[in-house]
Amino acid sequence: MQFLNIHIGSLPIEDPVLKFLLELVIILSAPLLLNKIKVPHLLGLLIAGALVGPNGFNLLARDSSVVVTGTTGLLYIMFLAGLEIDMGDFKRNKWKSVTFTAYTFAIPFILGFMGGYYVLHFSILTSVLFASLFSSHTLIAYPMVSKLGISKNLAVNITVGGTMITDVLSLLVLAVCVGMTQGEVDSAFWTRLGLSVIAFSVTVLFVFPIIGRWFFKKVDDKISQFIFVLVMIYLAAVLAELAGIEAIIGAFFAGLALNKLIPHSSAMMNRVEFVGNAIFIPFFLISVGMLIDFSVFFKSLETLGVAAVMLVASIGGKYLAAIFTQKTFRLTKDEGMLIFGMSSASAAATLAAVMVGYNIIVSETANGESVRLLSEHVLNGSILLILISCTVSSFVSMSSAQRIAESDKEDTASGINRENENILLAVNYEETVEKLVNLSLLVKGKSDDNRLLALNVINDTKNESSVKNAKKTLHIAVDTGAAADVEVLPLTRYDNDVSTGISNVIKEQNITDLIIGLQPDKGFTPSFVYNLYNGYLQNDNVNTLIYHAGQPISTVKRYVVLIPPKAEREAGFFSALLRVWNIAKNSGAEMSFYSNRPVIDILKKVVNKSSIELSLNTIDNWQEAEQAATDLRDDEGLIVFMAKRGMASYFPQMGFIPEFLNQYVKENNFLLIYPFRDDHPDQIERRSVSNHDDFVEIGQMISKVFSR
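Worth saying up front: this structure is predicted, and the values here are computed from it rather than measured.

Re a nonpolar patch on the surface
Where nonpolar side chains cluster on the molecular surface, the patch consists of Ile110, Met114, Tyr117, Tyr118, Val119 and Ile124 and spans about 610 Å² of accessible area. With five residues, helix α5 (residues 94-119) is the single largest residue contributor to the nonpolar patch. Counting through the fold element by element, isoleucine 124 comes out in helix α6 (residues 124-132). Here isoleucine 124 falls in the exposed class, since its relative accessible area comes to 51%.

Some points on the pattern of salt bridges
For the coordinates displayed, the defined rule picks out 13 salt bridges. Put simply, lysine 217 and aspartate 635 hold a salt bridge, and the shortest N to O gap is 2.3 Å. Of this pair, lysine 217 sits in helix α9 (residues 187-218) while aspartate 635 sits in the loop between α23 (622-630) and β11 (636-641), and the two are 418 residues apart along the sequence. Across the pair glutamate 636 and arginine 558 runs a salt bridge whose closest N-O atoms are separated by 3.1 Å. A residue pair is termed long-range when its members are at least 10 positions apart, and glutamate 636 in strand β11 and arginine 558 in strand β8 (residues 558-562) qualify at 78 residues. You'll find glutamate 636 and arginine 558 in the same group, each marked buried.

A closer look at the environment of leucine 154
Looking at the element boundaries, leucine 154 is found in helix α8 (residues 154-181). For leucine 154, a relative accessible area of 26% translates into the label partly exposed. Separated by 181 residues in the primary sequence, leucine 154 and glutamate 335 place their C-alpha atoms 8.2 Å from one another. In this view, leucine 154 contacts Asn93, Lys96 and Leu331; residues no more than four positions away in its chain are not counted.

Here's the deal with the nonpolar core
One broad trend across soluble globular proteins is that nonpolar side chains are buried collectively. With 116 residues, the main nonpolar core has Tyr76, Phe79, Phe130, Leu133, Val160, Val272 and Leu338 as its most contacted residues. Residue contributions to this core peak at eleven residues, all from α8. With sequence-adjacent residues up to four places away left out, valine 160 is seen in contact with Ala81, Ile85, Leu139, Tyr142, Phe252 and Met342. In this structure, Ile423, Leu441, Val580 and Trp581 belong to the second largest nonpolar core, which totals 50 residues.

Some thoughts on the pairing of strand β12 (residues 669-674)
With six of six residues buried, β12 is to be regarded as a mostly interior element. In terms of strand pairing, strand β7 (residues 543-548) meets β12 through five bridges, oriented antiparallel. When the bridges of β12 are listed, threonine 544 appears paired with tyrosine 674. Each parallel crossover has a hand, and the one from β11 via helix α24 (residues 657-664) to β12 is right-handed.

Some thoughts on the confidence of the model for the protein
Scored by pLDDT, the protein comes out at a mean of 82, with 86% of its residues at no less than 70. Looking across the protein, the model is least confident in helix α27 (residues 699-706), with a mean pLDDT of 40, and most confident in β8, with 94. Under a pLDDT of 50 for its full length, residues 412-418 has, in the predicted model, twelve contacts with residues more than four places off or in other chains. Overall, residues 680-708 carries pLDDT values under 50, and its contacts beyond four positions in sequence, including any with other chains, amount to 82 contacts.

With respect to the sheet that holds β8
If you trace the ten strands from one edge of the open sheet to the other, you get β5-β4-β3-β6-β7-β12-β11-β8-β9-β10, paired in mixed fashion. Edge positions in the open sheet fall to β5 (488-494) and β10 (614-618), since each of these has one partner strand only. Taken over all neighbouring pairs, the strand axes of this sheet differ in orientation by 20° on average, direction set aside. Contacts from helix α19 (residues 498-508) reach β3 (422-426), β4 (451-458), β5 and β6 (513-517) within the one sheet, and its direction differs from that of β4 by about 150°. Sheet contacts for helix α22 (residues 597-607): β9 (590-595) and β10; angle to β10, the most-contacted strand, approximately 155°.

Overview of the packing of aromatic side chains
Given two aromatic rings, one states the distance between the centres and the angle between the planes to describe the pair. Under the criterion given, the structure shown has 22 aromatic pairs. Ring geometry for tyrosine 103 against phenylalanine 324: centres 5.7 Å apart, planes inclined by 70°, an arrangement best described as edge-to-face. Within this pair, whereas tyrosine 103 is found in helix α5, its partner phenylalanine 324 is found in helix α13 (residues 301-329), the two being separated by 221 residues in sequence. Classification of phenylalanine 324 by relative accessible area gives partly exposed; the value is 39%. What links up through ring pairs into an aromatic cluster is the set Phe524, Phe528, Tyr536 and Phe670.

Quick look at a negative patch on the surface
There is a patch of like negative charges on the surface, built from Glu431, Asp521, Asp634 and Glu667. The residue aspartate 634 is located in the loop between α23 and β11 in this model. Under the relative-accessibility criterion, aspartate 634 is labelled exposed at 63%.

Looking at the packing of α8 against helix α14 (residues 333-343)
Contact pair α8 / α14: the axes reach a minimum separation of 9 Å and the direction vectors enclose 30°. Classified by the angle their axes make, α8 and α14 are roughly parallel. Seen from above, α8 lies across α14 with right-handed handedness. Contacts from Ala155, Val156, Thr159 and Val160 in α8 reach Glu335, Leu338, Ile339, Met342 and Ser343 in α14. Residue composition of the contact of α8 with α14, by class: six nonpolar, two polar and one charged.

The rules we used
Residues numbered from 1 in each chain as written. Predicted model: local features only at pLDDT ≥ 70, side-chain atom pairs only at ≥ 80, totals over all residues. Heavy atoms only, no water. Patch = residues over 30% accessible without salt bridge, like charges linked within 9 Å, V, L, I, M, F, W, Y side chains within 5 Å. Areas by Shrake-Rupley, 256 points an atom, 1.4 Å probe, with all protein chains shown as cover. Salt bridge = Lys/Arg side-chain N within 4 Å of Asp/Glu carboxyl O. Helix = DSSP H or I, 4+ residues; strand = E, 2+ residues; numbered from the N terminus. Buried < 20%, exposed > 50% of the residue type's maximum accessible area, 1.4 Å probe, protein only. Contact = heavy atoms within 4.5 Å. Core = buried A, V, L, I, M, F, W, Y, C linked by side-chain atoms within 4.5 Å. Pairing = 2+ DSSP bridges. Right-handed = clockwise from strand over helix to strand, strands pointing away. pLDDT = per-residue confidence, 0-100. Axes fitted to C-alpha atoms, helices over the stretch in contact; angles between N-to-C directions. Phe/Tyr/Trp six-rings, centres within 6.5 Å; stacked < 30°, edge-to-face > 60°. Lys, Arg positive; Asp, Glu negative; His and termini not counted. Charge placed at Lys NZ, Arg CZ, Asp CG, Glu CD. Parallel < 35°, antiparallel > 145°, perpendicular 65-115°, else oblique. Left-handed = near helix turned anticlockwise from the far one by under 90°. Nonpolar A, V, L, I, M, F, W, Y, C, P; charged D, E, K, R; others polar.

Below, the structure is given as structure tokens:
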């Protein structure tokens, strides 16, 4: 038996098991210890890296294993930033991000150039590269901000969008400076750089989604799907380097490319975030900490002088940029400080640019000493900049993000009597369970008080196979929810009739939404249609959703939403509409609404408060709606607002919709929504605004609509 050969006396530690154990102990203990004294654990990991690194106690060497895992962590940070960004908000606020980019790039650049040229007396070329170090920033605080649930805040959206543009500009300055030292900056250089960047952007942003959609359709294995995501991150990073820009830009673009394929509330998103926050990102912070050498600041006054200029240009410039952005867009003080906190950290792009500049030798002195584009003093000063800027970023981001999160909770809860959502999934067929849970994760509001319940009704107590099927389907439902960090409550009920059993559970559990899945490859059967109209739809106080999944819900790019005339008069219209809104927000899919003029006019008022991608199409008759449904392409789905007989929006053709769907839409995803019929005004308003932030501000308008 071979035992570990551990030599405690020889440093740095070389045994791979002991090295990995020490790193895991650091990752485990830093948050537990520092959270008690209100110190961001990001800072703790940096300091721990400095202590155990080659410039500290030399317990660990910054070897290739540390660099590889650290690089993966850095790429992961940028990937998550692109993955979690709300594309609707990003498109709506793109000019705000551009304005922030102008501030956060230009102000530190100007301060850095003046400090380098006039204070430190660098050459013009060195001063330009020196100034570019302070224009870029690294979103090390993003995981912490995202964890507080404010990743969709306007300040966060502006900062993330501006980060992409700023880092690209900074790294392009680096590429130009390197080219100038090699005498290559001519028309051919600019043409080559421009074409390569365009080719890279088109490949990642347009080809990657096609590949990803195809892969997620064909491969159901969850491990393979996660490995595929990692492959996309590194492939985009490699393509970025081939295009002449840094790998971190490639990782960010990969996040944008897969943004709509990995819904924010999905199990895949939970896996991606969990692995990144647990392993890769902490390793990156430890690897950055290993670069810190406190001793260099006591050896040379010139190093301290350079470091002082760098700190003023970087942190001072980022602070001014954040204040200007706050004033320009009339943000709150906390939002302005959050922008400063997130954009003040210098690490990835700064370190990359410094190392490139340090390795370029521009001339030699008479004594044979090499004159570098960026001196050793700049290299050492950048290490101090990384430590201090990351410290400032951690403290400022955490404090301002916590205040914003608390304020959001107060605003959400004030003035509105809310009712929790209780969503019931009727699970009968094993192959539909996971699809129903995935739909419910998109439909549900984000409140932790909302409940998901999975029900299997056994109508023959002596049938052993029915009992086994119930246990298996409910187990799948619970596991699928757990993968997304959502609890699904399993329920088994013995009853002579399935619809009666469901109705009783609806009453007992105060269910607000019932989701039923159609049996695969069968669609609407005569028996299901009979049970639907004579059983399931008899529950007037719930929204009833009938779902058919032709493909994974995350791969649907666009939904055609058909709303019949007079639907706005239904008591549950807005409640049903909010379910559609949640699907759009949580999946990123575009919604194309088709309805008559009164409904479209109401939607125009509502969309002003929303950030989803949508289009509004006015139609004159239901035949036009059916034509839109028959024109569905691959990767498109259909949502139809339905009504029961006797409701205001019911018309005779609705009875033929199941047959129409069986004939024309069987290969696509489709969802039928029957809004509830409870006519109590308080109940209507409560359920319409419950757990949906986009509609909180228009609660009064909803009440007026219902009172017509």
